[in-house]
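# Descriptive analysis of the structure
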Amino acid sequence: MHTATYRMNAVLTMAFSGLIVLCFAVALTEIFFHSDPSVDLRLNNVHYFKQHRRNDEMVLSFNMKSDLSSCFGWNTKQLFAYIKIVYETKKHGRNEVIVWDTIIRSREEAGIDDTFMSKYKLVDNGADLRGRNVNVTLAWNVMPYIGKSRF
């Protein structure tokens, strides 16, 4: 009646359709997932602050105690955590500079209790950083196995 290729096509189409519905359902469950991370981030020291080629540069160190394990759900592949410095200048308005980052691959790695140096220099385009108030923030992106990344 029906050939083997016709039957194989029907079975594979049905399996693929079921897989798409399953992936959509998994992605939908992330909408209802809520986390409650705790973070205590403090500026430890300014190791140097100098002007280099008409730009302000600084290297910082931080004390951080954080527990991001609640950000891990059953669909979480990894977290991308980073420390950003936010400040305003007359020339550029709002400035955001990332000075440290890490990839957290498991719930066990999500607890950070350490004092560390910034990975990257904070470089201001111009000499407008001196005397400015800055906001130091730990932020993270949740990267799921299936679905949209959350920021």
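This text follows the structure it describes.
The following refers to the structure shown. Since this is a predicted model, take the numbers as computed values, not measurements.

### Describing the overall build of the chain
Counting its regular elements, the chain contains one helix and seven strands. When the helices and strands of the chain are placed in sequence order, the string is α-β-β-β-β-β-β-β. Rg of the C-alpha trace for the chain: 23 Å, well past the compact-globule value of 15 Å for 151 residues, more than 25% over. Its C-alpha atoms give the chain principal-axis dimensions of roughly 85 × 30 × 20 Å. Counting only residues that meet the buried cut, the chain has 32% of its 151 residues in that class. Put simply, the chain shows about 10200 Å² of open surface, and 55% of that area lies on carbon and sulfur atoms. Each charge class in the chain can be summarised by its mean position, and for the 19 positive and 15 negative side chains these summaries are 7 Å apart.

### Notes on the sheet that holds strand 7 (residues 135-144)
Ordered by their spatial adjacency, three strands build an open sheet running 4-3-7, and the pairing between neighbours is antiparallel. Because the sheet does not close on itself, it has two edges, and the strands there are strand 4 (93-104) and strand 7. Between one strand and the next, the sheet's axes are offset by a mean angle of 25°, whatever the strand orientation. Where strand 3 (residues 76-89) meets strand 7, ten bridges bridge the pair, whose relative direction is antiparallel. The residue bridging Gln78 from the neighbouring strand is Met143, located in strand 7.

### Here's the deal with the packing of aromatic side chains
Remark: the centre distance and the inter-plane angle together describe each pair of aromatic rings, the angle taken between the planes. Inspection of every chain in the model, using the stated rule, returns three aromatic pairs. Ring centres of Phe80 and Tyr82 lie 5.6 Å apart, and the angle between their planes is 35°; on these two criteria the pair is classed as tilted. Classification of Phe80 as partly exposed rests on a relative accessible area of 22%. Looking at Tyr82, the relative accessible area reads 14%, which means it is buried. The rings of Phe62, Trp100 and Phe116 are connected pair by pair, giving a single aromatic cluster.

Rules used in this analysis
Residues numbered from 1 in each chain as written. Predicted model: local features only at pLDDT ≥ 70, side-chain atom pairs only at ≥ 80, totals over all residues. Heavy atoms only, no water. Helix = DSSP H or I, 4+ residues; strand = E, 2+ residues; numbered from the N terminus. Rg over C-alpha atoms; globule rule 2.2 N^0.38 Å. Buried < 20%, exposed > 50% of the residue type's maximum accessible area, 1.4 Å probe, protein only. Areas by Shrake-Rupley, 256 points an atom, 1.4 Å probe, with all protein chains shown as cover. Lys, Arg positive; Asp, Glu negative; His and termini not counted. Charge placed at Lys NZ, Arg CZ, Asp CG, Glu CD. Pairing = 2+ DSSP bridges. Axes fitted to C-alpha atoms, helices over the stretch in contact; angles between N-to-C directions. Phe/Tyr/Trp six-rings, centres within 6.5 Å; stacked < 30°, edge-to-face > 60°.

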